[in-house]
Amino acid sequence: MLGELSKEQVENLLKELPIGRIGCHSDGITYIVPVNYVYDGINLYAHSAKGMKIDMMRKNPEVCFQADAITSLQNWESVICWGKFEEITDMLEREHAMQKIINRVMPLMQGAAAQPSHGFTRDASEVGDEVELILYRIILTKKTGRFESI
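Rules and cut-offs
Residues numbered from 1 in each chain as written. Predicted model: local features only at pLDDT ≥ 70, side-chain atom pairs only at ≥ 80, totals over all residues. Heavy atoms only, no water. Salt bridge = Lys/Arg side-chain N within 4 Å of Asp/Glu carboxyl O. Helix = DSSP H or I, 4+ residues; strand = E, 2+ residues; numbered from the N terminus. Buried < 20%, exposed > 50% of the residue type's maximum accessible area, 1.4 Å probe, protein only. Phe/Tyr/Trp six-rings, centres within 6.5 Å; stacked < 30°, edge-to-face > 60°. Lys NZ or Arg CZ within 6 Å of the ring centre and 35° of its normal. Core = buried A, V, L, I, M, F, W, Y, C linked by side-chain atoms within 4.5 Å. Contact = heavy atoms within 4.5 Å.

(A) Inspection of the pattern of salt bridges at higher detail. Applying the stated rule across the entire model yields nine salt bridges. A salt bridge links Asp 27 to Lys 59; its shortest N-O distance comes to 2.5 Å. Of this pair, Asp 27 sits in the loop between strand 2 (19–26) and strand 3 (29–36) while Lys 59 sits in helix 2 (residues 52–59); the two residues are 32 residues apart in sequence, bridging distant segments of the chain. Neither residue differs from the other here; Asp 27 and Lys 59 are each classed as exposed.

(B) Here's a closer look at the packing of aromatic side chains. Within the structure shown, the criterion is met by two aromatic pairs. Note on Phe 85 and Tyr 136: the rings are 5.4 Å apart at their centroids and 50° apart in plane angle, and the pair reads as tilted. Remark: Tyr 136 occurs in strand 8 (residues 133–148) and Phe 85 occurs in strand 7 (residues 75–88); sequence separation between them is 51 residues. Each of the two residues, Phe 85 as well as Tyr 136, counts as buried. Sitting over the ring of Trp 82, Lys 142 keeps its end group 5.1 Å from the ring centre.

(C) Layout of the nonpolar core. Formed by 26 residues in total, the largest nonpolar core has its most connected members in Leu 14, Ile 22, Tyr 37, Met 57, Phe 65, Tyr 136 and Ile 138. Elements represented by at least two residues in this core include exactly helix 1 (7–16), strand 2, strand 5 (43–49), helix 2, strand 6 (62–72), strand 7 and strand 8. Here this core gets five residues from one element, more than from any other, and that element is strand 8. Once you skip the residues sitting within four places of it in the chain, Leu 14 turns out to touch Tyr 37, Tyr 39, Phe 65, Val 79, Cys 81, Leu 140 and Lys 143. Counting residues in each nonpolar core, the second largest holds ten residues, with Tyr 45, Ile 101, Leu 133 and Leu 135 among its members.

Next comes the structure, spelled out in structure tokens:
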């Protein structure tokens, strides 16, 4: 059976999933890339080193976000959201956003020595100074969801 997720199911899926995909578009190029994220019930928060995704979102902040839970080809749930990229520049706000991300990501890391590839320092809320760490939110304006189940 195919169907639409309720608003509550969309919210729950966004809160449960740790990885989604951001779709951005600028200068005639569309780019879709997976990101670790945290959803606080209002906005999505993520971080990145400077690169193509950040450059494109700075040029065109209108983005699409997709996350899904797939059990099999006939059992899945998927959410698509639209919103606006907003870079977080205030230091206190950056620390709060980073702490939200760390609290979401670290329990999912495997092994005692597991460490994300970029953007994390020894002090959990420290935003670091070795890599240009960009913290940002996606201010969601529209959310939809679909599912298939047998």
